[in-house]
Amino acid sequence: YLSEMMFIILLSCFMVIGRSESSQLSVPTRFNPFDDSVLYEVVWPGSSFNKDENVNSIIVHTNNDESYDCVIPSDISEMINEDDLLLNEDISPSQLLDDVFLSNDCVYLVEGYWNYELCHGLHIRQFHEDRSEDGKVIKTLEYMLGKDDDNIPHKLSNEESPPQWQYNGKDYPYYEVLFSNGAPCDIRDNVGRSARILYICDKDHGKIPSLVMVKESRTCEYEAIVVTSQLCHNKLYWTKSKPVYNIQCFSMNNSPREPRDYELFINE
């Protein structure tokens with residue numbers, strides 16, 4: 001898929017020789033070359049083209065003397081999936097997660113040298129265990145990354161407009177809990193470590209939350225990702241993939257279905 005900037009670069013590899021006579025070209029109202037949240041896919045249907053008079057199209061010509069009439073979405077705001085417009089009338093995320101926070105249950109993540117323990121509503125810690133040949137723990141190294149002394153997590157999220165965590169091209173709305181008062185950080189004048197716990201919806205996940213990722217976002221400041229199906233009862237926390245809009249380029253004057261150099265351009 002191409003971002004808007006990549007689409008402009010693609011067109012720059014062609015020589016735009018004219019506007020389609022049956023339409024007036026207008027730029028999509030939300031077109032922004034520096035916005036990677038909108039993706040395009042250029043498709044090459046071939047030569048058959050019964051064009052609506054109101055569509056936007058441009059005629060392009062390649063260095064190999066190939067011609068194409070490319071139809072561009074006029075207003076992508078009109079193409080938003082109806083699911084994106086659903087209003088939220090569900091239970092608040094804090095209510096949905098109350099059972100999790102009050103359970104004090106712990107979940108674990110094993111990652112190489114370090115392991116992580118998150119006890120909901122209590123703390124998150126990083127630890128390493130050395131074991132004897134018979135499996136007994138003989139030495140433990142651990143750091144408390146954050147805790148809540150009052151047993152009440154500091155909830156930070158705006159429940160009406162949740163922030164989003166981006167990963168692998170998807171936006172994950174999350175509900176955030178902050179733990180502080182962790183182990184002193186030597187590098188930062190013994191300031192206590194802190195951790196942001198981001199709860200995200202996974203419709204295919206079981207009822208019991210899972211700790212799937214922990215990273216140090218800044219020195220002695222951590223970010224932990226927890227997936228749970230509990231949060232999915234609120235539509236605001238459903239995961240949304242970035243929309244992809246088609247740009248159809250129809251071959252003209254006996255040109256091949258797609259330019260000979262197009263695949264080379266995409267692979268580069």
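Remember, it's a predicted structure, so these values are computed and weren't measured experimentally.

Draft legend 1. Fine view of the pairing of strand E8 (residues 123-131). By the bridge criterion, five bridges tie strand E7 (residues 114-119) to E8 in an arrangement that is antiparallel. Each bridged residue has a counterpart across the sheet, and for Cys 119 the counterpart in E8 is His 123. Connecting the antiparallel pair E7 and E8 is a turn made up of three residues, with Gly 121 showing a positive phi of about 80°. As judged from the nine bridges shared by E8 and strand E9 (residues 137-147), these two strands associate in the antiparallel manner. Counted as the bridge partner of Arg 131 is Val 137 from E9. Once E8 ends, the chain turns through five residues before running back antiparallel as E9, passing Gly 135 with a positive phi of about 90°.

Draft legend 2. Fine view of the nonpolar core. Judged by nonpolar contacts, the single largest core of 24 residues is most densely connected at Leu 118, Ile 124, Tyr 175, Ile 197, Tyr 199 and Leu 211. Where this core is concerned, the elements lending two or more residues are helix H3 (98-103), strand E6 (106-111), E7, strand E12 (170-179), strand E15 (194-201), strand E16 (210-218) and strand E17 (221-228). Sort the elements by how many residues they give to this core and E15 lands first, with four residues. If you look at the next biggest cluster of nonpolar residues, it comprises twelve residues, including Trp 44, Tyr 68, Ile 247 and Tyr 262.

Draft legend 3. Fine view of the packing of aromatic side chains. Applying the stated criterion across every chain yields a total of six aromatic pairs. Between the aromatic rings of Phe 101 and Tyr 199, the centroid separation amounts to 5.5 Å while the plane-to-plane angle is 85°, which identifies the pairing as edge-to-face. One end of the pair, Phe 101, is in helix H3; the other, Tyr 199, is in strand E15, with 98 residues separating them in the sequence. Classification of Tyr 199 as buried rests on a relative accessible area of 1%. With centroids separated by 5.7 Å and ring planes inclined at 50°, the aromatic side chains of Trp 165 and Tyr 172 adopt a geometry described as tilted. Assessed through its relative accessible area of 17%, Tyr 172 is described here as buried.

Draft legend 4. Representation of the environment of Asp 99 in the model. Take Asp 99: it is sitting in helix H3. Judged by its relative accessible area of 59%, Asp 99 is exposed. Residues Asp 99 and Gln 230, spaced 131 residues apart in sequence, show a C-alpha to C-alpha distance of 9.5 Å.

Draft legend 5. Highlighting the sheet that holds E6. The strand order across the open sheet formed by four strands is E6-E7-E8-E9, and the pairing between neighbours is antiparallel. Lying at the two open borders of the sheet, with one neighbouring strand each, are E6 and E9. Neighbour-to-neighbour, the strand axes of the sheet open up by a mean angle of 20°, direction not taken into account. Sheet topology note: the E6/E7 ladder contains six bridges and is antiparallel. Counted as the bridge partner of Leu 109 is Tyr 116 from E7.

Draft legend 6. Region of interest: the state of the cysteines. Tallied over the entire structure, the rule returns four disulfides. The disulfide partner of Cys 185 is Cys 220, and the gap between their sulfur atoms is 2.0 Å. Across the S-S bond of Cys 185 and Cys 220 the torsion is about 70°, and the bridge reads as right-handed. Of the two residues, Cys 185 is situated in strand E13 (residues 184-185) and Cys 220 in the loop between E16 and E17; the sequence distance between them amounts to 35 residues. With respect to class, Cys 185 is no different from Cys 220; both count as buried. Across the disulfide from Cys 201 sits Cys 232; the S-S distance is 2.1 Å. Across the disulfide from Cys 201 to Cys 232, rotation about the S-S bond amounts to roughly 110°, and the bridge is consequently right-handed. Taken together, the residues span a long stretch of sequence, with Cys 201 in strand E15 and Cys 232 in the loop between E17 and strand E18 (240-241) at a distance of 31 residues.

Draft legend 7. Structural context of the confidence of the model for the protein. Here the protein averages 76 in pLDDT, and 69% of its residues register 70 or above. The element-level mean pLDDT for the protein is lowest in strand E2 (residues 15-19), coming to 44, with E17 highest at 95. Under a pLDDT of 50 for its full length, residues 77-89 has, in the predicted model, ten contacts with residues more than four places off or in other chains.

Draft legend 8. Local environment of unusual backbone geometry. The phi dihedral of Asp 189 falls on the positive side, at around 55°, and the residue is not glycine. Along the chain, Asp 189 falls in the loop between E13 and strand E14 (191-192). A relative accessible area of 71% places Asp 189 in the exposed class. A positive phi angle is found at Asn 253, which is not glycine, with a value near 55°. Looking at where Asn 253 falls in the secondary structure, it is placed in the loop between strand E19 (244-252) and helix H4 (262-267).

Rules behind the numbers
- Residues numbered from 1 in each chain as written.
- Predicted model: local features only at pLDDT ≥ 70, side-chain atom pairs only at ≥ 80, totals over all residues.
- Heavy atoms only, no water.
- Pairing = 2+ DSSP bridges.
- Helix = DSSP H or I, 4+ residues; strand = E, 2+ residues; numbered from the N terminus.
- Core = buried A, V, L, I, M, F, W, Y, C linked by side-chain atoms within 4.5 Å.
- Buried < 20%, exposed > 50% of the residue type's maximum accessible area, 1.4 Å probe, protein only.
- Phe/Tyr/Trp six-rings, centres within 6.5 Å; stacked < 30°, edge-to-face > 60°.
- Axes fitted to C-alpha atoms, helices over the stretch in contact; angles between N-to-C directions.
- Disulfide = S-S within 2.5 Å.
- pLDDT = per-residue confidence, 0-100.
- Contact = heavy atoms within 4.5 Å.

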